[in-house]
Amino acid sequence: MTKDFLIIGNWKLNGTKKHVLSFFKKLDKIKDELSNLKIVIAIPIIYTGFVYKRLINSKNIFLSAQNVDTNIYGAFTGEISIKMLKDLNIKYVILGHSERRFFHKETNEIVSEKFFISYKNKITPIICVGENIEEFKMNKSYEVCLSQIKLIIKKFGIKSLRKVVIAYEPIWSIGTGYCANPNHVIKIIKKIKNYIKKNNYEISNSIIYQYGGSVNHNNIIDFLDNKIINGFLIGNASLKFNSFYKIIKKILGKLK
Ligand code: PGA
């Protein structure tokens, strides 16, 4: 395996200080087992202050933010800036998650601005793309995903995508228990990959392509026998250490 395999736990609006501390204590105990598997946890931003110090020299466990503002400082009540993320050793930021697109009305334009501020400040963007159920039924998955990436390429150039993470997350599979069919996922990721490849082969190969949507320790096995998917974005199953660790073990079993 040439590229890192990367799994991201997205805790969304869940967890307590106690839960975070106990989760990271357990994670610390397994860090030597991880080999070329990288783990990124997007805990609620308010808790990162309690754990970031122990991750300063970490080689395979990192923190992600679930969002970032487009402004660096100023009168923007309630927002968090990219410099604040850097201050707390946060290496990744989730952008364009369907929940932010839906509940916070984030458009491709806003996502592209957030992308730029992250890229410029060397925080790895995790760009989420995915279609809704109607679009899926109309066979428009690829079209929709591409439209969610194209604006970034148009505004900042293909090279801005170097080493980013692109997570394919069909909206209908997020938090529903309906995990997408692995063949469908592979088909869509392959198409996205080929599109980027046509623009720049090297950039396409540097990107980590993930799947996200109701992944758990049972269904993950169906996604591991291919060279297209380089990781997973995991919501629910990342909240409890035991279920997350079961996923980690399944992946490690395949990476060997
Ligand atoms: P889920 O969430 O694993 O609970 O479906 C995935 C996500 O929203 O990233």
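Residues numbered from 1 in each chain as written. Predicted model: local features only at pLDDT ≥ 70, side-chain atom pairs only at ≥ 80, totals over all residues. Heavy atoms only, no water.

Caption draft 1: Up close: empty space enclosed by the protein. Counted by the stated rule, this structure contains 2 cavities of 30 Å³ or more. Empty space within the largest cavity amounts to approximately 40 Å³. Lining the largest cavity we find Gly96, Ser98, Arg101, Cys128, Val129, Gly130, Gln148, Glu169 and Ile171. Elements represented by at least two residues in the lining of the largest cavity include exactly α4 (98-103) and β5 (124-129). What lines the second largest cavity is simply Phe24, Leu27, Asp28, Arg54, Leu55 and Ile61. Broken down by element, the residue count for the lining of the second largest cavity peaks at 3 residues, all from helix α1 (residues 17-30). When its residues are assigned to classes, the lining of the second largest cavity shows 4 nonpolar, no polar and 2 charged. (1 Å grid on protein atoms, 1.4 Å probe; cavity = no way out; pocket = protein on both sides within 12 Å on 5 of 7 lines; lining within 4 Å. Points joined across faces, edges and corners; volume = space filled by probe spheres on them. Helix = DSSP H or I, 4+ residues; strand = E, 2+ residues; numbered from the N terminus. Nonpolar A, V, L, I, M, F, W, Y, C, P; charged D, E, K, R; others polar.)

Caption draft 2: Representation of the pattern of salt bridges. According to the stated counting rule, one finds 8 salt bridges in the structure shown. For lysine 12, the salt bridge goes to glutamate 99, with nearest N and O atoms at 2.9 Å. Here lysine 12, found in the loop between β1 (5-10) and α1, pairs with glutamate 99, found in helix α4; they are 87 residues apart in sequence, far enough to count as distant. Since its relative accessible area comes to 23%, lysine 12 is described here as partly exposed. By relative accessible area, glutamate 99 is classed as partly exposed at 25%. Across the pair lysine 254 and aspartate 225 runs a salt bridge, and its minimum N-O distance is 3.0 Å. Of the two residues, lysine 254 is situated in helix α10 (residues 241-255) and aspartate 225 in the loop between β7 (208-212) and β8 (231-234); the sequence distance between them amounts to 29 residues. Its relative accessible area of 60% is what places aspartate 225 among the exposed residues. Connected through salt bridges with shared partners, the residues Arg100, Glu106 and Lys114 form a single ionic network. (Salt bridge = Lys/Arg side-chain N within 4 Å of Asp/Glu carboxyl O. Buried < 20%, exposed > 50% of the residue type's maximum accessible area, 1.4 Å probe, protein only.)

Caption draft 3: Region of interest: the environment of lysine 190. Here lysine 190 lies in helix α8 (residues 182-199). In sequence terms lysine 190 and isoleucine 229 are 39 residues apart; their C-alpha atoms lie 9.0 Å from each other.

Caption draft 4: Inspection of the packing of aromatic side chains at higher detail. Applying the stated criterion across every chain, the model contains 15 aromatic pairs. For the ring pair phenylalanine 136 and tryptophan 172, a centre distance of 4.4 Å and an interplane angle of 40° mean the geometry is tilted. Taken together, the positions of phenylalanine 136 in helix α6 (residues 133-137) and tryptophan 172 in the loop between β6 (165-168) and α8 put the pair 36 residues apart, joining distant regions of the chain. Residue phenylalanine 136 is classed as partly exposed on the basis of its relative accessible area, which comes to 30%. Here a set of aromatic residues connected by ring pairs shows up, and it is made of Trp11, Phe23, Phe24, Phe241, Phe244 and Tyr245. (Phe/Tyr/Trp six-rings, centres within 6.5 Å; stacked < 30°, edge-to-face > 60°.)

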